[in-house]
Amino acid sequence: MMNQRRSSILCPNCRKLISVDEERCPYCGTRNPGSRWKNNLWTRGFRNTDQYIKAIIYVNIAMYVFSILLDPLSVGHSANPLAFLSPSNKSLFFLGATGTIPVARFHRWWTIVSANYLHGGIIHILFNMIALKQLAPVALNEYGAYRMVSIYTLGGIVGYLMSYVAGVPLTIGASAAICSLIGAIIYYGKSRGGAYGQALYRQVGAWAIGIFVFGLLVPGINNWAHGGGILAGAVLGIALGYQEKRRENLFHKLLAGICVAVTLAVLCWAVVSAIAYRLL
Ligand SMILES: [Zn+2]
């Protein structure tokens, strides 16, 4: 075996090549950059940052497929395209749909996380994933992958908190989280300015207006979750900063790690408890 202690590593913060036994990173000053707590699989991250977006999409698809498999005999197959291949209400409830019914009546607080990964039909998930695939790369580029993950997760939670406070009884979908990316990009465009910032601000601002108008015209759209998501995304963008102002640091990585851990724990609980309910 080679002596690993003398090898070099990438600083977990600035990703420059340094010696593993360095006490401080000579480039960014991070203490003990070689420590296992600071330099691990998570802080090193995916080499290809698109993987973060793909991971979110895969989790959404997996939850959707599972919501259908959980109660396959009640899957919607009506001519209404919005209800096509829709999981049953029972299935969605047990996998963690949120709103005043699950939260206030059944004390299922964790559903403000799980609802972000549930969808009511093939058109619903398709539209949301197309929007995510358009917006997430912009947010990832300007904020970095870790801040994008945190904005997406926390924005979705705040969106569903707002809709709960507003009294929406039962709701699901990734759009609250997607709206938080919209809010963050709008703030970025406005704050950065210039031709590029202005263009982003106008383009994504038009998305926000479109969503708002769509929500007023089409019944059953959770405007509170959308509005809450956009607002939360903008506030998170201000609080966390974007790449041109402040590069991503270990705090951003830690925050994103907590977001991912909480999301995975909640989704695992949702799946296990839904299976248990079905078997009992
Ligand atoms: Zn460094």
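The model shown is predicted, which means the values in this text are computed figures rather than measured ones.

Enquirer: Lay out the overall build of the protein chain in plain terms, naming residues and giving numbers.
Expert: The helix and strand inventory of the protein chain stands at 11 helices and two strands. When the helices and strands of the protein chain are listed from N to C terminus, the series reads β-β-α-α-α-α-α-α-α-α-α-α-α. A compact globule built from 280 residues would reach a C-alpha radius of gyration of about 19 Å, and the protein chain, at 21 Å, matches this within 12%. Overall, the C-alpha framework of the protein chain stretches about 65 × 50 × 30 Å when taken along its three principal axes. The buried share among the 280 residues of the protein chain stands at 46%. Here the protein chain displays about 14900 Å² of accessible surface, and carbon together with sulfur accounts for 67% of that area. The distance from the centre of the 24 positive side-chain charges to the centre of the 8 negative ones in the protein chain is 5 Å.

Enquirer: Explain the environment of Lys-253 to me, using residue names and the numbers behind them.
Expert: Within the secondary structure, Lys-253 sits in helix α11 (residues 250-279). Considering only alpha carbons, one finds Lys-253 and Cys-179, 74 residues apart in sequence, at a separation of 22 Å. With residues up to four places along the chain from it excluded, the contact list for Lys-253 reads Pro-12, Asn-13, Trp-42, Thr-43 and Tyr-146.

Enquirer: Which residues make up the pattern of salt bridges, and what are the values?
Expert: Summed over the entire model, instances satisfying the criterion amount to one salt bridge. We note a salt bridge from Arg-192 to Glu-244, for which the minimum N-O separation is 2.9 Å. Pair noted here: Arg-192 is in helix α8 (residues 175-192) and Glu-244 is in the loop between α10 (223-240) and α11, with a separation of 52 residues, a long-range link. Judged by its relative accessible area of 49%, Glu-244 falls in the partly exposed class.

Enquirer: Residue-level account of the packing of helix α2 (residues 50-69) against helix α6 (residues 122-143), with values.
Expert: Taken N-terminus to C-terminus, the directions of α2 and α6 make an angle of 165 degrees; their axes are 10 Å apart at the nearest point. The orientation of α2 relative to α6 falls into the category roughly antiparallel. Like other packed secondary-structure pairs, α2 and α6 cross with a definite hand, here right-handed. Between α2 and α6, the residues in contact are Tyr-52, Ile-53, Ile-56, Ile-57, Asn-60, Ile-61 and Tyr-64 and Ile-122, Ile-125, Met-129, Leu-132, Lys-133, Ala-136, Pro-137 and Leu-140, respectively.

Enquirer: Give me the lowdown on the coordination of the zinc ion, citing residues and values where you can.
Expert: Coordination of the zinc ion by the protein is provided by Cys-11 (SG), Cys-14 (SG), Cys-25 (SG) and Cys-28 (SG), with metal-donor distances spanning 2.2 to 2.3 Å. Viewed at the metal, the four donor atoms of the zinc ion are separated by angles of 106 to 114 degrees, and the geometry they form is tetrahedral. Written as a sequence motif, the donor residues of the zinc ion are C-x2-C-x10-C-x2-C.

Enquirer: Explain α11 to me, and be specific about the residues and the numbers.
Expert: Helical periodicity: at 3.6 residues per turn, an α-helix aligns residues three or four positions apart in one direction. Under the 1.5 Å per step criterion, the end-to-end length of α11 is 43 Å for 30 residues, consistent within 8% with the ideal 44 Å. All of the buried residues in α11 are His-252, Lys-253, Leu-255, Ala-256, Cys-259, Thr-263, Val-266, Leu-267, Ala-270, Ser-273 and Ala-274. Contact partners of the buried residues in α11: α1 (41-44), α2, α3 (89-95), α5 (111-114), α7 (145-165) and α10. One side-chain oxygen of the residue at the start of α11 lies 3.0 Å from the amide nitrogen of Phe-251, identifying that residue as Asn-249.

The rules behind these values
Residues numbered from 1 in each chain as written. Predicted model: local features only at pLDDT ≥ 70, side-chain atom pairs only at ≥ 80, totals over all residues. Heavy atoms only, no water. Helix = DSSP H or I, 4+ residues; strand = E, 2+ residues; numbered from the N terminus. Rg over C-alpha atoms; globule rule 2.2 N^0.38 Å. Buried < 20%, exposed > 50% of the residue type's maximum accessible area, 1.4 Å probe, protein only. Areas by Shrake-Rupley, 256 points an atom, 1.4 Å probe, with all protein chains shown as cover. Lys, Arg positive; Asp, Glu negative; His and termini not counted. Charge placed at Lys NZ, Arg CZ, Asp CG, Glu CD. Contact = heavy atoms within 4.5 Å. Salt bridge = Lys/Arg side-chain N within 4 Å of Asp/Glu carboxyl O. Axes fitted to C-alpha atoms, helices over the stretch in contact; angles between N-to-C directions. Parallel < 35°, antiparallel > 145°, perpendicular 65-115°, else oblique. Left-handed = near helix turned anticlockwise from the far one by under 90°. Donors = N, O, S within 2.8 Å, 3.2 Å for Na, K, Ca; no water. Tetrahedral: all angles 85-135°; square planar, octahedral: opposite > 155°, others 65-115°. Expected span 1.5 Å × (residues − 1). Polar contact = N/O pair within 3.5 Å; in protein donor to acceptor, adjacent residues only side chain to side chain.

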